[in-house]
Amino acid sequence: GKVIAKGKGTTKIIAKHKNKKYTCTVVVKVQYGSLKGNISYHYNEYKGYVPDTGALIFLLSADGSKLVAKGEADGNGDYIINHIPTGSYSVVISSSGCNDIDVLNGKESDDFYKKYDEFLNVGGAIHYDYVTIYKNETSTLSHNFPYSDY
C-alpha cells in the first residue's frame, strides 16, 4: 500500500501477510529552506529608491491562519529568514519608510495584532505576496514601495 505523511513524527506500520506480521518504523522529518530579499521605498525624484530599514517581513501559513516566521530589513534593506519549513506561504511586508494614508486611517494594524500578536510598522504601507520555500534552497522575495506623500 501507500502511506502519505501529514507532518513530522515517528510511527509504526504493521502489515500482515499469510499469518506473518511485519513491523516497520517510519520517521518523517521536516525539510527546511530560507527566504531572503531586499525592501526599499521611493524617497523622492532625486534620491530615488532607498533601503527600507526596519521594514517587517511576516510569513503566514498559506491560509493566513498562523504566523510561521518573521524578519526585519537591515540598514541596506536586506533581510534573511532561515529554518522555514518547506511549503507555500502568504507574506506580509510592512514598510518602515513609506507611509500609507489608508493604513494610517484604517484598522489593518489592529487586526494584524489581534490575530498574530505582532505589530506592523505604524502607518507603514503594506504589501501582500506569496512565496514557496523549497528544501535546502533560499527563495528570494524583494519589494520596492512606491513614492508616498504621507
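As shown above, the structure is provided for reference.
Everything in this summary refers to the structure shown in the same document.

Right, let's get into the sheet that holds strand β8 (residues 87–99). Spatial ordering of the open sheet is given by β6-β5-β8-β9, a layout of four strands whose pairing is antiparallel. Edge strands, defined here as strands with exactly one partner in the open sheet, are β6 (67–72) and β9 (124–133). Strand-to-strand twist across the sheet, computed as the mean angle between neighbouring axes with direction ignored, equals 20°. When strand β5 (residues 56–61) meets β6, the two strands line up antiparallel, connected through five bridges. Paired with leucine 59 across the two strands is alanine 69, which belongs to β6. Contacts from helix α2 (residues 108–116) reach β5, β6, β8 and β9 within the one sheet, and its direction differs from that of β5 by about 55°.

Moving on: the packing of aromatic side chains. A full pass over the atoms with the stated rule returns four aromatic pairs. An angle of 15° between the planes, with centres 4.4 Å apart, marks the rings of tyrosine 113 and phenylalanine 119 as stacked. A connected cluster of aromatic rings, assembled from ring pairs, spans Phe58, Phe112 and Tyr116. The ring centre of tyrosine 43 lies 4.9 Å from the NZ or CZ of lysine 47, which sits over that ring.

Now for the pairing of strand β1 (residues 9–17). Bridge count between β1 and strand β2 (residues 20–28): nine bridges; the pairing is antiparallel. For isoleucine 13, the partnering residue across the bridge sits in β2 and is cysteine 24. Hairpin connection, β1 to β2: the antiparallel pair is bridged by two residues, and lysine 18 has positive phi, about 50°.

Note that isoleucine 133 resides in strand β9. Considering only alpha carbons, one finds isoleucine 133 and isoleucine 84, 49 residues apart in sequence, at a separation of 7.3 Å. Excluding residues within four positions of it along the chain, isoleucine 133 makes contact with Gly33, Ser34, Leu35, Ile84, Pro85, Thr86, Gly87, Tyr89 and Ser139.

With that settled, consider the nonpolar core. Membership of the largest hydrophobic core comes to 21 residues, with the highest contact counts inside it found for Leu35, Ile57 and Leu59. Broken down by secondary-structure element, the contributors of at least two residues to this core are β3 (32–44), β5, β7 (78–85), β8 and β9. Here the element with the most residues in this core is β8; it accounts for four residues. Core analysis: the second largest hydrophobic core is formed by nine residues, Leu56, Leu60, Val103 and Tyr116 among them.

Procedures and definitions
Along every chain, residues carry numbers that run from 1 in the direction the sequence is written. Per-residue local features of the predicted model are confined to residues with pLDDT of at least 70, and side-chain atom pairs are confined, for both listing and counting, to 80 or more; whole-chain, interface and lining totals are unaffected and use all residues. Hydrogen atoms and water are omitted, and side-chain values are computed over all heavy atoms in the structure. At least two bridges found by DSSP between two strands is the condition for calling them paired. Runs of H or I in DSSP of at least four residues are treated as helices and runs of E of at least two as strands, each being numbered from the N terminus. Axes here mean lines fitted to C-alpha atoms, for a helix over just the part in contact, with angles spanning 0 to 180 degrees between N-to-C directions. Contacts are assigned to residue pairs that have any heavy atoms within 4.5 Å of one another. Here a Phe, Tyr or Trp ring, Trp counted by its six-membered ring, pairs with any other such ring whose centre lies within 6.5 Å, and the pair is stacked when the planes are under 30 degrees apart, edge-to-face when over 60, and tilted otherwise. Both a distance and an angle decide whether a charge sits over a ring: NZ of Lys or CZ of Arg must be within 6 Å of the ring centre and within 35 degrees of the ring normal. In plain words, nonpolar cores are sets of buried Ala, Val, Leu, Ile, Met, Phe, Trp, Tyr and Cys residues tied together by side-chain atoms within 4.5 Å. Note on exposure labels: buried denotes an accessible area under 20% of the residue type's maximum, exposed denotes more than 50%, and partly exposed covers the range between, all computed with a 1.4 Å probe on protein chains only.

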